[in-house]
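Close look at the chain arrangement
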Amino acid sequence: MANVVTRLRNSRETTYGLMMIVFGALLWVLLIWGVWRILVSGNQQLASLLSVYIGYGTIFFVGYLIANAAYRAQAFGNMLLLGPQQFPQLHAMVVDGAAALGMQPPPRAFVFNSNGLFNAFARRLLGGRYLFLTSALLEAEDDEQVRFIIGHELGHHAAGHLNPWKNFLKFPAHVVPFLGPAYSRAREYTCDAIGAELTGDVGVSRSSLQMLGCGCGRLNGSMNCEAFMAQEAMVPPIFGFLTEIFRSHPRLTRRIRAIRAKS
């Protein structure tokens, strides 16, 4: 897993990830130092205010754990868990992709009713690894496109993007303007590269991303990737930049072009 991910990890992810760790660690140190200063100062008013914020933080953390447990219960109770007896072909894609990335055991993968939304996502729930695939995505009727999407989501797990301890360390760095979104966009490029590696087909990988923009199974087979990439030249430079710096995902035209550059 380390060799594959290291080879495919986007260089900007490495840079931004290091910045997130440095800023996050420094801000945690400053926060702990500030708390210690308040405690030793003997200022009752500040100490009372600190206790309120600690209480809010504790409530938030407990609420986060409860929300994770509730979502996991929702998944097992209402979604379809892939397995040898439940959509075995899809299950094999998850197992094979996880094995190629050195993940054992593979994440648990679910299919759920998305009401027409083409999407997929990876999550960590109470320490466990999970993948979620929307039903509309699976109507693409192209197994290799689905393999790319599964590989992309497996990439988030394999590359450590969902590691709770690392994310906890980086958490304060999100106050640095634009750094968090830039780091997130770089991670998406990494996972696109991983998905393309698992499919072994640049054309399929590019069409998989375009499929997310189209969102129509009937039109999926007739998409023109070259025409879609040409739309990048039509994006207004200033507003294209301003809208992207706040986004967690790069534009699809850019993501497709990045995969093409590796062909």
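One can find the structure itself at the top, above this paragraph.
For any pair of aromatic rings, the description rests on two quantities: the centre-to-centre distance and the angle between the ring planes. By the definition in use, this model includes 10 aromatic pairs. A ring pair is formed by Phe76 and Phe110, whose centres lie 5.2 Å apart and whose planes are at 85 degrees; its orientation type is edge-to-face. Of this pair, Phe76 sits in helix 3 (residues 44-78) while Phe110 sits in strand 2 (residues 108-112); the two residues are 34 residues apart in sequence, bridging distant segments of the chain. For Phe110, a relative accessible area of 0% gives the class buried. Every member of this aromatic cluster is reached through a ring pair, and the members are Tyr71, Phe76, Phe110, Phe112, Phe121, Tyr130 and Phe132. The cationic tip of Arg123 hangs over the ring face of Tyr71; the distance from NZ or CZ to the ring centre is 4.4 Å.

Looking now at the sheet that holds strand 4 (residues 128-134). With respect to topology, 4 strands assemble into an open sheet ordered 1-2-4-3, the strand pairing being mixed. At either margin of the open sheet sits one strand with a lone partner, and together these are strand 1 (80-81) and strand 3 (120-125). As judged from the 6 bridges shared by strand 3 and strand 4, these two strands associate in the antiparallel manner. Looking at strand 4, one finds that Phe121 is bridged to Phe132. In this fold helix 3 packs onto strand 1, strand 2, strand 3 and strand 4, with an angle of close to 125 degrees to the strand it touches most, strand 3.

We now examine the packing of helix 2 (residues 11-41) against helix 3. Two numbers describe how helix 2 lies on helix 3: the axes approach to 8 Å, and their chain directions differ by 135 degrees. Taken as axis vectors, helix 2 and helix 3 run oblique relative to one another. In this structure, helix 2 crosses over helix 3, and the sense of that crossing is left-handed. Each of Val35, Ile38 and Leu39 in helix 2 lies in contact with helix 3, whose residues at this interface are Leu46, Ala47 and Leu50.

What the rule picks out here adds up to 10 salt bridges. Where Arg9 meets Glu13, a salt bridge forms, and the shortest distance between an N and an O atom there is 2.6 Å. By relative accessible area, which is 27% here, Arg9 ends up partly exposed. Judged by relative accessible area, which is 4%, Glu13 ranks as buried.

Conventions and cut-offs
Residues numbered from 1 in each chain as written. Predicted model: local features only at pLDDT ≥ 70, side-chain atom pairs only at ≥ 80, totals over all residues. Heavy atoms only, no water. Phe/Tyr/Trp six-rings, centres within 6.5 Å; stacked < 30°, edge-to-face > 60°. Helix = DSSP H or I, 4+ residues; strand = E, 2+ residues; numbered from the N terminus. Buried < 20%, exposed > 50% of the residue type's maximum accessible area, 1.4 Å probe, protein only. Lys NZ or Arg CZ within 6 Å of the ring centre and 35° of its normal. Pairing = 2+ DSSP bridges. Contact = heavy atoms within 4.5 Å. Axes fitted to C-alpha atoms, helices over the stretch in contact; angles between N-to-C directions. Parallel < 35°, antiparallel > 145°, perpendicular 65-115°, else oblique. Left-handed = near helix turned anticlockwise from the far one by under 90°. Salt bridge = Lys/Arg side-chain N within 4 Å of Asp/Glu carboxyl O.

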